[in-house]
Amino acid sequence: MSVDTRSPSVRPLDTVVLAVGNRDDTRVTALIETVCEIASPENTRVIIAHVFDAHSYKEVVEQMLDTPTAEIKPDELAARMAITQEITDQFEQRAIECEPRATTGTSGEGVVSIAKDVDADRVVIGGRQRSPAGKAIFGSTAQEVMLNAPCPVTFVRDRPDE
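As the structure is a prediction and not an experimental result, all values here were calculated from the model.

Procedures and definitions
- Residues numbered from 1 in each chain as written.
- Predicted model: local features only at pLDDT ≥ 70, side-chain atom pairs only at ≥ 80, totals over all residues.
- Heavy atoms only, no water.
- Helix = DSSP H or I, 4+ residues; strand = E, 2+ residues; numbered from the N terminus.
- Buried < 20%, exposed > 50% of the residue type's maximum accessible area, 1.4 Å probe, protein only.
- Patch = residues over 30% accessible without salt bridge, like charges linked within 9 Å, V, L, I, M, F, W, Y side chains within 5 Å.
- Areas by Shrake-Rupley, 256 points an atom, 1.4 Å probe, with all protein chains shown as cover.
- Salt bridge = Lys/Arg side-chain N within 4 Å of Asp/Glu carboxyl O.
- Lys, Arg positive; Asp, Glu negative; His and termini not counted.
- Charge placed at Lys NZ, Arg CZ, Asp CG, Glu CD.
- Axes fitted to C-alpha atoms, helices over the stretch in contact; angles between N-to-C directions.
- Parallel < 35°, antiparallel > 145°, perpendicular 65-115°, else oblique.
- Left-handed = near helix turned anticlockwise from the far one by under 90°.
- Contact = heavy atoms within 4.5 Å.
- Nonpolar A, V, L, I, M, F, W, Y, C, P; charged D, E, K, R; others polar.
- Pairing = 2+ DSSP bridges.

### Digging into the environment of proline 74
Okay, step 1: For proline 74, the location among the structural elements is in helix α3 (residues 74–80).
Okay, step 2: For proline 74, a relative accessible area of 23% gives the class partly exposed.
Okay, step 3: In this structure, the C-alpha to C-alpha distance between proline 74 and phenylalanine 52, residues 22 residues apart in sequence, is 7.9 Å.

Set out below in structure tokens:
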């Protein structure tokens, strides 16, 4: 018999948005571990969110489909990306439901838009380690998400190699 020692006011997270981009390949493990710390395999759905600007969307379509005129929806494109497949595999091994979602536009606004669309309980976003002076300000994407997300945001920073 298991006993739930959590406070009755703490409800499980239904939906977590994990924002990932092209520069997150070095922090995939840290992002996944962070989501696993707050997600419940029985209750939580993870949305793997990508945001493509107009240029990167066209560029990725051309690279993946070998034709500049191919039509593919952002969600499909995100699902085909190596980083999404790696994250999906890791969550499936942990029996955590996940699905890719994508949009086009600016990164911060796109993540916030996806979080609102899926009624997210938490957003997890990564960023690089900052210098002492730079610690006062996060990157523009992370800052945009932290200030405008409809829910709490967890920031996962790069850690120097130990």
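### Some words on a negative patch on the surface
Okay, step 1: A cluster of acidic residues, Asp25, Glu86, Asp89 and Glu92, forms a negative patch on the protein surface.
Okay, step 2: Its place among the elements puts glutamate 92 in helix α4 (residues 82–93).
Okay, step 3: Note on glutamate 92: relative accessible area 54%, which makes it exposed.

### Brief notes about the packing of helix α1 (residues 28–38) against α4
For any two helices packed against each other, one specifies the inter-axial angle together with the distance between the axes.
Okay, step 1: Where α1 meets α4, the closest approach of the two axes is 11 Å, and the angle between their N-to-C directions is 40°. In this view, α1 runs oblique relative to α4, as classed from their interaxial angle. Our pair here, α1 against α4, has a crossing hand that is right-handed. Across the interface between the two elements, Val28, Ile32, Val35 and Cys36 of α1 pack against Ile83, Glu86, Ile87, Gln90 and Phe91 of α4.
Okay, step 2: Per-class residue counts for the contact of α1 with α4 are seven nonpolar, one polar and one charged.

### Re the sheet that holds strand β3 (residues 97–104)
Okay, step 1: Spatially, five strands are ordered β3-β2-β1-β4-β5 in an open sheet, and the strand pairing comes out parallel. The open sheet terminates on both sides in strands that have one partner only, identified here as β3 and β5 (153–157). Ignoring strand direction, the axes of neighbouring strands in this sheet form an average angle of 25°.
Okay, step 2: As judged from the four bridges shared by strand β1 (residues 15–19) and strand β4 (residues 122–127), these two strands associate in the parallel manner. Within the sheet, the bridge partner assigned to leucine 18 lies in β4 and is valine 124.

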